[in-house]
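Notes for the structure review
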Amino acid sequence: MEKRIDCFLPFTDDYYISDIVKELKETGLINHIILLQAKNSSYSSTDVYEILNIDSLKSSNTLRTIANHTQAPFTLLYLKDQPFRLGLYALDRMLKIAQDTEAGM
């Protein structure tokens with residue numbers, strides 16, 4: 001299946017993010033995974049991730065930055081700094097509905 005989703009996730013540390021990055025990549029639907037990190041954050045990545053420095057997760061400036069970095073037809077934006085898990089075929093189902101209804105995701 002074509003990689004149709006760019007994902008933007010808050011970056012807190014490698015331990016937290018590595019599982020969800022792996023899970024997202026395994027779907028085969030992900031074009032890019034970009035991690036959002038506050039400019040004043042003390043975290044640093046030991047892995048190679050694409051990281052965008054932002055002022056805060058929910059600012060207008062951050063949303064403009066995300067819009068400028070999005071390349072895929074759909075964008076997944078997760079704004080909580082807590083881990084999440086995808087349900088079985090969750091992205092497949094959301095993408096199918098978004099395509100069928102021409103809705104945003």
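The structure under discussion appears in the preceding block.
Quick summary incoming for the structure in this document. It should be emphasised that the depicted structure is a prediction, and the values quoted were computed from it without experimental measurement. (Residues numbered from 1 in each chain as written. Predicted model: local features only at pLDDT ≥ 70, side-chain atom pairs only at ≥ 80, totals over all residues. Heavy atoms only, no water.)

1. Details of the pattern of salt bridges
Our working definition: Within this document, salt bridges are pairs made up of a side-chain nitrogen of Lys or Arg and a carboxyl oxygen of Asp or Glu, the two lying within 4 Å of each other. For helices the rule is a DSSP run of H or I covering at least 4 residues; for strands it is a run of E covering at least 2, with both sets numbered from the N terminus onward. Exposure categories follow from relative accessible area, calculated using a 1.4 Å probe and restricted to protein chains: below 20% of the type maximum is buried, above 50% is exposed, and the middle band is partly exposed.
Per the stated rule, a full pass over the model turns up 3 salt bridges. Its salt-bridge partner being Glu-26, residue Lys-22 comes within 3.9 Å of it at the nearest N-O pair. With Lys-22 and Glu-26 both in helix H1 (residues 14–26) and 4 residues apart, the pair spans about one turn of that helix. Accessibility assignment for this pair places Lys-22 and Glu-26 in one class, exposed. Glu-23 is paired through a salt bridge with Arg-85; the nearest N and O atoms lie 3.5 Å apart. Placement of the pair is Glu-23 in helix H1 and Arg-85 in the loop between strand S4 (74–77) and helix H3 (90–101), with a sequence separation of 62 residues. The exposure class assigned to Arg-85 is exposed, which follows from its relative accessible area of 58%.

2. Observations concerning the pairing of S4
Both faces of the sheet carry side chains from a regular strand, because those side chains alternate between them. Basically, it comes down to this: For two strands to be treated as a pair, DSSP must find at least two bridges joining them.
Residue alternation in S4 divides its side chains into a buried set, Phe-74 and Leu-76, and an unburied set, Thr-75 and Leu-77. The pairing of strand S1 (residues 5–10) with S4 spans 4 bridges and is classified as parallel. Bridge assignment links Ile-5 to a residue of S4, and that residue is Phe-74.

3. A look at the sheet that holds S1
We count it as follows: Axis definition: a line fitted to C-alpha atoms, limited for helices to the stretch in contact. Angles are taken between N-to-C directions and run from 0 to 180 degrees. Throughout, a residue-residue contact means that at least one pair of heavy atoms, one from each residue, lies within 4.5 Å.
Read from one edge to the other, the open sheet built from 4 strands follows the order S3-S2-S1-S4, with strand pairing classed as parallel. The open sheet has two free edges, formed respectively by strand S3 (50–54) and S4, since each of these has just one partner strand. On average, each strand axis in the sheet is inclined to that of its neighbour by 25°, with strand direction left out of account. As judged from the 6 bridges shared by S1 and strand S2 (residues 30–38), these two strands associate in the parallel manner. Bridged to Leu-9 within S2 is Leu-35. The sheet strands contacting helix H2 (residues 60–69) are S1, S2, S3 and S4, and the helix crosses S3 at an angle near 150°. Across the sheet, H3 lies against S1, S2 and S4, angled at about 135° from S4, the strand it touches most.

4. A word on the nonpolar core
Here is the rule we go by: By nonpolar core is meant a set of buried Ala, Val, Leu, Ile, Met, Phe, Trp, Tyr and Cys residues that side-chain atoms within 4.5 Å join together.
One finds Ile-5, Leu-9, Ile-17, Leu-24, Ile-33 and Leu-91 to be the most contacted residues of the largest nonpolar core, which totals 23 residues. For this core, the elements supplying multiple residues, two or more each, are S1, H1, S2, S4 and H3. If you tally residues by element for this core, the top one is H1, at 5 residues. Counting 6 residues, the second largest nonpolar core, distinct from the first, contains Leu-36, Leu-52, Ile-54 and Ile-66.

5. Regarding the environment of Asp-14
Considering the arrangement of structural elements, one finds Asp-14 in helix H1. When its relative accessible area of 12% is taken as the criterion, Asp-14 is described as buried. Sequence separation between Asp-14 and Tyr-49 is 35 residues; the distance between their C-alpha atoms is 9.6 Å.

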